[in-house]
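The residues making up each chain are set out below.
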Amino acid sequence: MTTNDIEARGDRRGMCEFPGGCSRPKLDDPKTGRPSKYCGQADPGGPVHNKGNAWKERRRLATVGTGQAGPPGAAGDEGGVTAPVSMARATLGVQLEGLPHRLAELRGFLATMTETIASVTDVEAAAAEVDQAHAEALAKVSEAERLRGEEERRRRDAEARAREHQQAREEADAAAEDAYAELARTQTKAAAAVENAANREREARAELERIQADADERIASAEAQAQLAQTRAETQTAAAQAAVQESREDVDRLRGELADLRTESRADRDQVRADHAAQLAEVRQSAADRVDALTTALRAAEQTIEELRRQPGGRGAGT
């Protein structure tokens, strides 16, 4: 960067400072933090003009300009930026301090040599040699002045490069701070998302436990109702069996009574046949009616038992 380039930067106040040049004005300065230096827009096919991309572009331009893998001091070594400038500045100061002394020695040497030449040879030749030596001395002085100007220019260029490197480093630090802030925000969002997922998982587990408890309660209720129905069926079956048994006992008793009556009737038939013919007929009719009634009751009981056996939960043929 030349002195004209440094002076030209003063005419671009308020303009975007993206490396390579930009004709757009920079963004308004924020209320807090560093002032804005870039326009925040992108050229066609180029990156957005911001701090991070400006730092990357300066590194790229430095790499292209020097033909190296990276600009001096790109790895964060401050010595790569400030040491050459300091050494050049110190060397130039020492050389400038010794320059008057060396010029005085040169003038003294030339004066002594002039006197020697004047005393040894003719005046014209000596004058010519003195003039030549003086011209050479003046040429050396001019060369020294030129070298001094070049050293001064190099010093200014080195200081300008140092300022650019310092600015690039500040922008890199700012970009790193922004990256760390974004990382912190991302970590905070991730932690909130994890906590939300954990809460949803706990709610889902609680809902699942509630559904399982409800299902267990319904299953227990259904089993209790089934057990009650089975108990009722068994009770009804036992009652029906008891009724059938009682009916059978009544039939057997009536049959026994009928047999007894028949036996008595046969024993007394010859003796009281004439006297008790009407009574015997009545008894037979009554017995027949009772037998018919008991037979009907027995058939009804057997039909009831058969129906109970056919019902679900019945005891089957084992009863």
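Visitor: Teacher, can you tell me more about the overall build of the protein here?
Guide: Per the secondary structure count, the protein includes five helices and zero strands. Ordering the α and β elements of the protein from the N terminus gives α-α-α-α-α. Buried residues in the protein amount to 16% of all 319 residues. Long-range pairs, those at least 24 residues apart, make up 51% of the contacts in the protein with a sequence separation of at least 6. Element-wise, carbon and sulfur atoms account for 53% of the exposed surface of the protein, whose accessible area totals about 23,400 Å².

Visitor: Just checking my understanding: could you explain the state of the cysteines for this structure?
Guide: Note: disulfide means a covalent bond formed between the sulfur atoms of two cysteine side chains. Applying the stated rule across the entire model yields zero disulfides. With no disulfide partner, Cys22 has as its closest neighbouring cysteine sulfur the one in Cys16, 3.9 Å distant. A disulfide-free cysteine, Cys39 has its sulfur positioned 3.9 Å from the sulfur of Cys16, the nearest such atom. Among the residues examined, Cys39 registers a relative accessible area of 2% and is labelled buried.

Visitor: Whenever I open this one, the side chain of Ser36 confuses me. Can you help?
Guide: On the secondary structure map, Ser36 appears in the loop between helix 1 (3-9) and helix 2 (51-66). Setting aside residues up to four positions removed in sequence, Ser36 forms contacts with Lys26, Leu27, Asp28, Asp29 and Pro30.

Visitor: Any chance you could explain the pattern of salt bridges here in plain terms?
Guide: When the charged atoms of two side chains with opposite charge come close together, those side chains can pair. Within the structure shown, the criterion is met by 18 salt bridges. Residue Arg156 pairs with Glu152 through a salt bridge whose shortest N-O separation is 3.8 Å. Of the two residues, Arg156 and Glu152 both sit in helix 4 (residues 123-272), four residues apart, roughly one turn of that helix. Between Arg155 and Glu159 there is a salt bridge, and its shortest N-O distance comes to 2.7 Å. Taken together, the positions of Arg155 and Glu159, both in helix 4 and four residues apart, correspond to about one turn of that helix. Each member of the salt-bridge network shares a partner with another, and the members are Glu143, Arg146, Glu150, Glu151 and Arg154.

Visitor: Help me understand the confidence of the model for the protein, please; the structure alone is not making it clear to me.
Guide: Segments scoring low in pLDDT should not have their predicted coordinates read at a detailed level. In this model, the protein carries an average pLDDT of 77, and 76% of its residues clear a pLDDT of 70 or more. At the level of individual helices and strands, the protein shows its lowest average pLDDT in helix 1, which scores 48, and its highest in helix 2, which scores 83. This stretch, residues 1-8, has a pLDDT under 50; its non-local contacts, to residues over four places away or in other chains, come to nine contacts. The model gives residues 69-83 a pLDDT under 50, and that stretch makes 16 contacts with residues more than four places away or in other chains.

Visitor: How should I be thinking about the environment of Gln167 in this particular structure?
Guide: Here Gln167 shows up in helix 4. Between the C-alpha atoms of Gln167 and Trp55, which are 112 residues apart in sequence, the distance is 8.9 Å.

Calculation rules
- Residues numbered from 1 in each chain as written.
- Predicted model: local features only at pLDDT ≥ 70, side-chain atom pairs only at ≥ 80, totals over all residues.
- Heavy atoms only, no water.
- Helix = DSSP H or I, 4+ residues; strand = E, 2+ residues; numbered from the N terminus.
- Buried < 20%, exposed > 50% of the residue type's maximum accessible area, 1.4 Å probe, protein only.
- Contact = heavy atoms within 4.5 Å.
- Areas by Shrake-Rupley, 256 points an atom, 1.4 Å probe, with all protein chains shown as cover.
- Disulfide = S-S within 2.5 Å.
- Salt bridge = Lys/Arg side-chain N within 4 Å of Asp/Glu carboxyl O.
- pLDDT = per-residue confidence, 0-100.

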